[in-house]
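Per-entry structural report
The chain contents come next:
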Amino acid sequence: MEPFLELALELIEASRRHEEYRDIECINLIASEGLKSPAVREMLRLSMDLESRYAEGENDLEGHVKRRYYQGQRYITRIEDCVTDMMKSLYRCGWADVRPISGTHANLATFKGLSLVTKNRKMVVTPLSCGAHISHDYTGLAGMVLGLENINHAYNVDEMNIDPDRSAEIIRAAKPGIVTFGGSLFLFPHPVKELKEAADEVGAYVVYDAAHVFGLIAGGEFQDPLREGADFVTSSTHKTFPGPQGGVILAEPRDERMRRGIRGVQYAVFPLSTSNTHLGRLPALGITALEMKVFGRDLARQTVRNAQAAGQYLYENGLKVLGEAKGFTMSHQLAVDVREYGGGREIAEKLEAANIILNKNILPYDDQRNREDPSGIRIGFQDVTRRGFRRGDIEYLCDLMLDVIKGRRKPSEVREDVVAFKREFNKVEYGFKSLEEAIEYLDRSLKG
Ligand SMILES: Cc1ncc(COP(=O)(O)O)c(C=O)c1O
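The following paragraphs examine the structure supplied in this document. Small disclaimer: the values here were computed from a predicted structure and weren't measured.

The rules behind the values
- Residues numbered from 1 in each chain as written.
- Predicted model: local features only at pLDDT ≥ 70, side-chain atom pairs only at ≥ 80, totals over all residues.
- Heavy atoms only, no water.
- Pairing = 2+ DSSP bridges.
- Helix = DSSP H or I, 4+ residues; strand = E, 2+ residues; numbered from the N terminus.
- Axes fitted to C-alpha atoms, helices over the stretch in contact; angles between N-to-C directions.
- Contact = heavy atoms within 4.5 Å.
- Core = buried A, V, L, I, M, F, W, Y, C linked by side-chain atoms within 4.5 Å.
- Buried < 20%, exposed > 50% of the residue type's maximum accessible area, 1.4 Å probe, protein only.
- Domains from an automatic or database assignment.
- Salt bridge = Lys/Arg side-chain N within 4 Å of Asp/Glu carboxyl O.
- Near = heavy atom within 4 Å.
- Polar contact = N/O pair within 3.5 Å; in protein donor to acceptor, adjacent residues only side chain to side chain.
- Areas by Shrake-Rupley, 256 points an atom, 1.4 Å probe, with all protein chains shown as cover.
- Nonpolar A, V, L, I, M, F, W, Y, C, P; charged D, E, K, R; others polar.
- Disulfide = S-S within 2.5 Å.
- Parallel < 35°, antiparallel > 145°, perpendicular 65-115°, else oblique.
- Left-handed = near helix turned anticlockwise from the far one by under 90°.
- Phe/Tyr/Trp six-rings, centres within 6.5 Å; stacked < 30°, edge-to-face > 60°.
- Arc of directions from axis to C-beta.

Across a sheet, strands are paired by hydrogen bonds formed along the backbone, either parallel or antiparallel in direction. The mixed open sheet is built from seven strands, whose spatial order is β4-β12-β11-β10-β9-β5-β6. Two strands bound the open sheet, and with one partner strand each, they are β4 (95–97) and β6 (149–152). Taking each pair of neighbouring strands and ignoring which way they run, the sheet shows an average axis angle of 25°. The sheet strands contacting helix α6 (residues 164–174) are β5 (122–125), β6 and β9 (178–181), and the helix crosses β6 at an angle near 150°. Docked against the sheet, helix α7 (residues 192–201) engages β9 and β10 (205–209), running at close to 150° with respect to β10.

A few words on the nonpolar core. Side chains of a nonpolar character, in soluble globular proteins, are inclined to be buried together. Counting 57 residues, the largest nonpolar core has Met87, Tyr91, Tyr208, Phe214, Phe241 and Leu250 as the members making the most contacts within it. Within the residue set of this core, elements represented by two or more residues are α3 (74–91), α6, β9, α7, β10, α8 (214–218), β12 (242–251) and α11 (282–316). A per-element tally of this core places α11 first, with seven residues. Shared between two domains, this core holds at least three residues of each, these being domain 1 (42–288) and domain 2 (296–423). Beyond its immediate sequence surroundings of up to four residues, Leu250 is in contact with Tyr91, Cys93, Trp95, Ala96, Phe214, Leu226, Asp231, Phe232 and Val233. In this structure, Tyr313, Leu319, Ile379 and Val418 belong to the second largest nonpolar core, which totals 36 residues.

The full count for this structure, using the stated rule, is 32 salt bridges. Linking Arg172 and Glu201 is a salt bridge whose minimum nitrogen-to-oxygen distance equals 2.8 Å. Note that Arg172 is positioned in helix α6 and Glu201 in helix α7, a separation of 29 residues in sequence. In the salt-bridge network here, residues are joined through shared partners; they are Lys196, Asp200, Asp231, Arg254 and Arg257.

Attention now moves to the site of the ligand. Neighbouring residues of the ligand: 14 residues in total, closest Gly103, Thr104, Ser184, Asp209 and Lys239. Within the side chain of Thr104, an N or O atom sits 2.7 Å from an oxygen atom of the ligand. Coverage of the ligand by the protein chains reaches 85% of its 390 Å² of free accessible surface. Residue assignment for the shell around the ligand shows that the elements contributing at least two residues are α4 (103–118) and β11 (232–238). Within the shell around the ligand, the residues separate by chemical class into one nonpolar, 11 polar and two charged.

Counted according to the given criterion, the structure contains zero disulfides. Here Cys82 is not cross-linked by a disulfide; its sulfur's nearest cysteine counterpart is in Cys93, at 16 Å. Judged by relative accessible area, Cys82 falls into the partly exposed class, the value being 48%.

Remark: helix α14 (residues 391–405) packs on helix α15 (residues 411–423), axes separated minimally by 9 Å, with the N-to-C direction vectors making an angle of 165°. Judged by the angle between their axes, α14 and α15 are roughly antiparallel. In the crossing of α14 with α15, the sense of the turn from one axis to the other is left-handed. Of α15, the residues touching α14 (which contributes Asp393, Tyr396, Leu397, Leu400, Asp403 and Val404) are Pro411, Val414, Asp417, Val418 and Phe421. The residue inventory of the contact of α14 with α15, partitioned by class, reads eight nonpolar, no polar and three charged.

We now examine the side chain of Arg387. By the element assignment, Arg387 lies in the loop between α13 (382–386) and α14. One polar contact links Arg387 to Asp23, side chain to side chain, over a distance of 3.1 Å. At 2.7 Å, the side chain of Arg387 forms a polar contact with the side chain of Asp383. Apart from residues no more than four positions distant in its own chain, Arg387 is found in contact with Asp23, Leu35, Lys422, Phe425 and Lys427.

For the coordinates displayed, the defined rule picks out 15 aromatic pairs. Ring geometry for Tyr69 against Phe270: centres 5.9 Å apart, planes inclined by 40°, an arrangement best described as tilted. Of this pair, Tyr69 sits in the loop between β3 (65–68) and α3 while Phe270 is found in helix α10 (residues 256–273), placing the two residues 201 residues apart along the sequence. A relative accessible area of 39% means that Tyr69 is categorised as partly exposed. Between Tyr396 and Phe421 the ring centres are 4.7 Å apart and the planes differ by 80°, which places this aromatic pair in the edge-to-face class. Placement of the pair is Tyr396 in helix α14 and Phe421 in helix α15, with a sequence separation of 25 residues. For Phe421, a relative accessible area of 6% translates into the label buried.

Looking now at helix α2 (residues 38–45). Within α2, the full set of buried residues consists of Ala39, Val40 and Met43. Considered in projection along α2, the buried side chains sweep an arc of 100° and stay on one side of the axis. Looking at the buried side of α2, the elements it contacts are β12, α11 and α16 (435–447).

Attention shifts here to the sheet that holds strand β13 (residues 320–321). What the four strands build is an open sheet, ordered β13-β14-β17-β16; its pairing is antiparallel. Because the sheet does not close on itself, it has two edges, and the strands there are β13 and β16 (359–361). As paired elements, β13 and strand β14 (residues 333–337) share two bridges and run antiparallel to each other. Within the sheet, the bridge partner assigned to Lys320 lies in β14 and is Asp337. With respect to the sheet, α11 is in contact with β13, β14 and β17 (376–380), its orientation differing from that of β14 by roughly 20°.

What follows covers the environment of Val157. Among the secondary structure elements, Val157 is positioned in the loop between β7 (155–156) and β8 (161–162). A sequence separation of 84 residues divides Val157 from Phe241, and the C-alpha atoms of the two residues are 28 Å apart.

Given below as structure tokens:
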């Protein structure tokens, strides 16, 4: 057969196998991935025409469509405005931009827009090794694409958090245009309240990257950055907020300074960094927002409980789980130092062989040049929680992980138990089973 045709066949086969492998046969503990409900999946499938369309243009200061450059926008404009208003309502703010197509894009537009408005290229960030995302860093988007200069927050490894006193001094001395919070390894709420005054004194905008904890915030189980002093919140829409892959930015247009900032960010979204805004995800984003309004509190609470229960259990069984003095975590994640068992890479690979999927992670005290073999693993509990795991299930899962980590059983033996165990969790909880169920819920609620 012609190689091109063989490739096409292989592509279809690999795509089919992937769905079975990751959705049915593996247990997912990657902390940055979300699990969509059947209703959200159905909405995505229903949006296939939208997925082919364009809607370039400007928005107003409420986040609504102001001007579009294409014809055929009658429903697209309604869809964009509805989902924007649903996000504003869920997160209690007066402006949202749902056009960014990822969390990195939301950061790009926010950092670029605010650095233009402030005419200041300095940005105070959490060090990469202490949990910041690469897009905050001088080695990634912020430095290499936007040309921003990073100044690091002071970090307290014992607390696994930004040191507020020393960071206040850093902000006052550096006089940045932006101070960022939030991150990818994110166990405890960052000191936004504590550092707002220092940021205000030097005229810096406070940007909180909520990508990891966005669903927990919607459920009221993590700090609420907009209430604590963040000027802008950026996020992905597909981690603890279990929607379609995309990005969002939130803010409150409360005064002229904020409106200036918002206008700068909007300009950085369009025309600076988008043409197509991937419209097909927007209805599904709205349905996820509805689910978070209805089920978000219970989902977030159980997610954090499961993470804390796993932290306690792994710790009691001899693992070095970070953040012990503070109950291991207040988010959906754990960080575990597995150096004594071979390091993060080896353990992540052995767990993968047992169909338990998570990632290696650099820890704050690691040699920063050794990213390929860090001490840690990061474990996220948002996916298993949505599949219905409770404390007993979490402890059994921890036992399976301990078997692998401590070398008590071969990964291939453990894999059989993982596959059998996973079969018991073939539903998605804390969400609607179908779009029809969502509509029935809405009809009942609107009538009653
Ligand atoms: C804190 C943080 N911000 C931004 C991103 C990037 O989001 P996306 O993958 O949607 O571009 C991530 C990704 O995991 C993240 O952890």
